[in-house]
Amino acid sequence: MSDLRKTSVQELLRSTDLDREVLVKGWVRTRRGNKYVQFIAVNDGSGFNSIQVVANAEQFPEEKLKADGVENGAAIAVRGRLVASQGKGQSVEIQAEEITVYGSADPTTYPLQKKGHSLEFLREIAHLRPRTNTFGAVLRIRHAMSFAIHKYFNDHGYFYIHTPIITGSDAEGAGQMFRVTTLSDTKPPLNEAGEVDYTADFFGKATNLTVSGQLEGEVAAMALGKVYTFGPTFRAENSNTARHLAEFWMIEPEVAFNDLQDNMDLAEDFLRSLVRYALEHCPDDLQFLNDQYDKELLNRLQFVVDNEFKRLTYTEAVEILKSAKQKFEFPVDWGTDLQSEHERYLVEKHFKKPVILTNYPKDIKAFYMKLDEDGRTVRAMDVLFPGIGEIIGGSQREEDMQKLTQRMQEMHVPEEDLWWYLDTRRYGSAPHAGFGLGFERLILFITGMANIRDVIPFPRFPKSAEF
Ligand code: ATP
Ligand code: MN
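What counts and how
Residues numbered from 1 in each chain as written. Chains lettered and ligands numbered in written order. Predicted model: local features only at pLDDT ≥ 70, side-chain atom pairs only at ≥ 80, totals over all residues. Heavy atoms only, no water. Near = heavy atom within 4 Å. Areas by Shrake-Rupley, 256 points an atom, 1.4 Å probe, with all protein chains shown as cover. Helix = DSSP H or I, 4+ residues; strand = E, 2+ residues; numbered from the N terminus. Nonpolar A, V, L, I, M, F, W, Y, C, P; charged D, E, K, R; others polar. Domains from an automatic or database assignment. Contact = heavy atoms within 4.5 Å. Buried area = accessible area lost by both parts, 1.4 Å probe. Pairing = 2+ DSSP bridges. Axes fitted to C-alpha atoms, helices over the stretch in contact; angles between N-to-C directions. Phe/Tyr/Trp six-rings, centres within 6.5 Å; stacked < 30°, edge-to-face > 60°. Buried < 20%, exposed > 50% of the residue type's maximum accessible area, 1.4 Å probe, protein only. Arc of directions from axis to C-beta. Polar contact = N/O pair within 3.5 Å; in protein donor to acceptor, adjacent residues only side chain to side chain. Parallel < 35°, antiparallel > 145°, perpendicular 65-115°, else oblique. Left-handed = near helix turned anticlockwise from the far one by under 90°. Core = buried A, V, L, I, M, F, W, Y, C linked by side-chain atoms within 4.5 Å.

## Description of the site of ligand 1
Neighbouring residues of ligand 1: 15 residues in total, closest His244, Leu245, Glu390, Ile391 and Arg441. About the coverage of ligand 1: the protein hides 80% of its 590 Å² of free accessible area. Those elements that provide at least two residues to the shell around ligand 1 are strand E11 (247-256), strand E15 (389-396) and strand E16 (432-438). Looking at the shell around ligand 1 element by element, the count peaks at four residues for E15. Per-class residue counts for the shell around ligand 1 are six nonpolar, four polar and five charged.

## Side note on the domain arrangement of the protein chain
Partitioning the protein chain into structural domains gives domain 1 (9-103) and domain 2 (129-176 + 211-454). Taking the mean C-alpha position of each, domain 1 and domain 2 sit 45 Å from one another. In this complex, domain 1 contributes seven residues to the contact, which on the side of domain 2 involves seven residues. Carbon and sulfur atoms make up 43% of the area that domain 1 and domain 2 hide from each other, which totals about 600 Å².

## Examining the sheet that holds strand E4 (residues 75-84)
Overall, mixed pairing links the five strands, which are arranged E1-E2-E3-E5-E4 in a closed barrel. Along the sheet, successive strands turn relative to each other by an average axial angle of 55°, direction set aside. When strand E2 (residues 37-43) meets strand E3 (residues 51-56), the two strands line up antiparallel, connected through six bridges. Bridge pairing in E3 links Ile40 to Val53.

## As for the packing of aromatic side chains
Within this structure, the stated rule accounts for 20 aromatic pairs. Ring geometry for Phe153 against Tyr228: centres 4.3 Å apart, planes inclined by 25°, an arrangement best described as stacked. With Phe153 in helix H4 (residues 133-155) and Tyr228 in strand E10 (residues 226-234), this pair connects stretches of sequence that are 75 residues apart. We classify Phe153 as buried; its relative accessible area is 0%. Since its relative accessible area comes to 4%, Tyr228 is described here as buried. The structure contains a cluster of three or more aromatic residues connected by ring pairs, namely Tyr152, Phe153, Tyr158, Tyr160, Tyr228, Phe270 and Phe435.

## Some words on helix H10 (residues 340-350)
Every buried residue of H10 is accounted for by His342, Glu343, Tyr345, Leu346 and Val347. Where the residues of H10 are buried, they touch helix H9 (314-322), strand E13 (355-361), strand E14 (377-385) and E15. Phi turns positive, to about 55°, at Lys352, one or two residues after H10.

## As for helix H11 (residues 401-410)
Of all the positions in H11, only Leu404, Thr405, Arg407 and Met408 are classed as buried. Looking down the long axis of H11, one finds its buried residues gathered within 155° of arc, a one-sided arrangement. For H11, the exposed residues lying more than 90 degrees away from the buried face are Gln402 and Gln409. The inward-facing, buried residues of H11 abut helix H12 (419-426). Its side-chain oxygen placed 2.9 Å from the backbone nitrogen of Gln402, Asp400 serves as the N-cap of H11. Just downstream of H11 lies His412, where phi reads positive at about 55°.

## Overview of unusual backbone geometry
A positive phi angle is found at His412, which is not glycine, with a value near 55°. Despite not being glycine, Lys463 shows a phi value in the positive range, around 70°. Tracing the backbone through its elements, the reader meets Lys463 in the segment after helix H13 (439-447). On the basis of relative accessible area, Lys463 is assigned to the exposed category, the value being 88%.

## Quick look at the packing of H11 against H12
Remark: H11 packs on H12, axes separated minimally by 9 Å, with the N-to-C direction vectors making an angle of 150°. In terms of orientation, H11 and H12 fall into the roughly antiparallel class. Considering the relative orientation of H11 and H12, their crossing is right-handed. Where H11 approaches H12, its residues Met401, Leu404, Thr405 and Met408 are matched on the opposing element by Tyr421, Leu422, Arg425 and Arg426. Residues of the contact of H11 with H12, tallied by class, amount to five nonpolar, one polar and two charged.

## Quick look at the nonpolar core
Within the largest apolar cluster, 64 residues are counted, with the highest numbers of intra-cluster contacts made by Met145, Ile391 and Leu442. Setting aside anything within four residues of it in sequence, one finds Leu442 in contact with Met145, Ile149, Leu271, Leu274, Ile391 and Leu437. By size, the runner-up hydrophobic cluster in this structure holds 29 residues, among which are Leu312, Val378, Met408 and Leu418.

## Here's the deal with the pairing of E11
With eight of its ten residues buried, E11 lies for the most part within the structure. Here nine bridges tie E10 to E11, and the two strands are oriented antiparallel to one another. Each residue of the ladder has a partner; that of Phe234, found in E11, is Glu247. Judged from the five bridges that link them, E11 and E16 form a sheet pairing that is antiparallel. Bridge pairing in E16 links Ile251 to Leu437.

Below, the structure written as structure tokens:
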């Protein structure tokens, strides 16, 4: 086997150069057959489809394959001839000449010995679930979407900014934070008031994991014009839902001289081009998820590509919800935040398309959003998607120093912590706008999976950080 180079399964499946010797390395998905012939499906992760290896029983009797450890889950190398397939379901197959086992997988204990495990069970073996069809598909799509995001921004003249993960400001206002400290667990130094003395901590002040890269993104936009961040964010909110994680990835573009209209145009163009990218580049994985989990998936993706989003104000949406025939668990009134049942009613029942809601009451939105002329609402926008609810939250930012600090006082955001942020308004302030797209919510939408814990390799949520 030594001088022959290995070829990926996907490359072999696409090959038209037949009747040649090939070498493939991967994991056994299934082995079946009879006393004349054994069929071994080998998958190396390069794509959804496995390649069929045909092992003639004269050379490879079943007993010998078993004794050698050629079982589901085993890592093997196969040398053989790439030939046109006689069977259905594949155009080429390999006639085995030599099979080497790198690592066997004991069929009596291997957790993925049988197919058809529940997603709940697979979550408990998050270290093995990438080997299933479902998670292979999800992870390849996740990769394709990260690539598509960087490509979109690069093609449109944006700069990728790496914003900090450890932050010294706990004033970002997007949720509960995780404290980062190197102080002793049992005997932290205390100040005169008897509280933990963070001036003795590693950074000389209390620090946390970031909940958003936006404020630093704004700083960068005031120099580079068009920027985006794409990094991990952390929220210690105890929201045990199918749409919240404690650690998730967020994409946050920020653009100097953009207003709310520009911001909506960007969000819509961005989302539609990402969905289009998935349809073009992940057809096998999407087809599998469509057939296996959600027969409407491909139609829904195509629908988003083909149709414009509905844009309306929060106030208009509240009117629609109040006159809706449907009973909601939470009542709707002007001034209250919309619950996901309301968001989904608008998207799935009323408009039957993605919706962008704008101009929310200022009291339910963050301090940095630009105040509307009426003084009651702000230039916020949330993008709502079918099956998901909020996928994007964003706004035009308040560029006026006076109005911004006034809002900070009203909302008890300490100015001294954000002196550096306020400098952007003090020196060369300019209108600007941006938004945050939750990466896992995007992947939920693209894959049609129902639970956000199933679209990230190692999910973190309350009481769970095993892997
Ligand atoms: P929600 O109301 O759904 O909790 P949010 O208003 O807290 O969302 P933002 O602070 O605007 O969300 O964050 C921007 C985007 O990040 C959201 O639109 C969503 O896509 C995503 N997001 C927010 N919180 C989470 C979370 N805990 N897990 C995964 N994604 C999240
Ligand atoms: Mn939230």
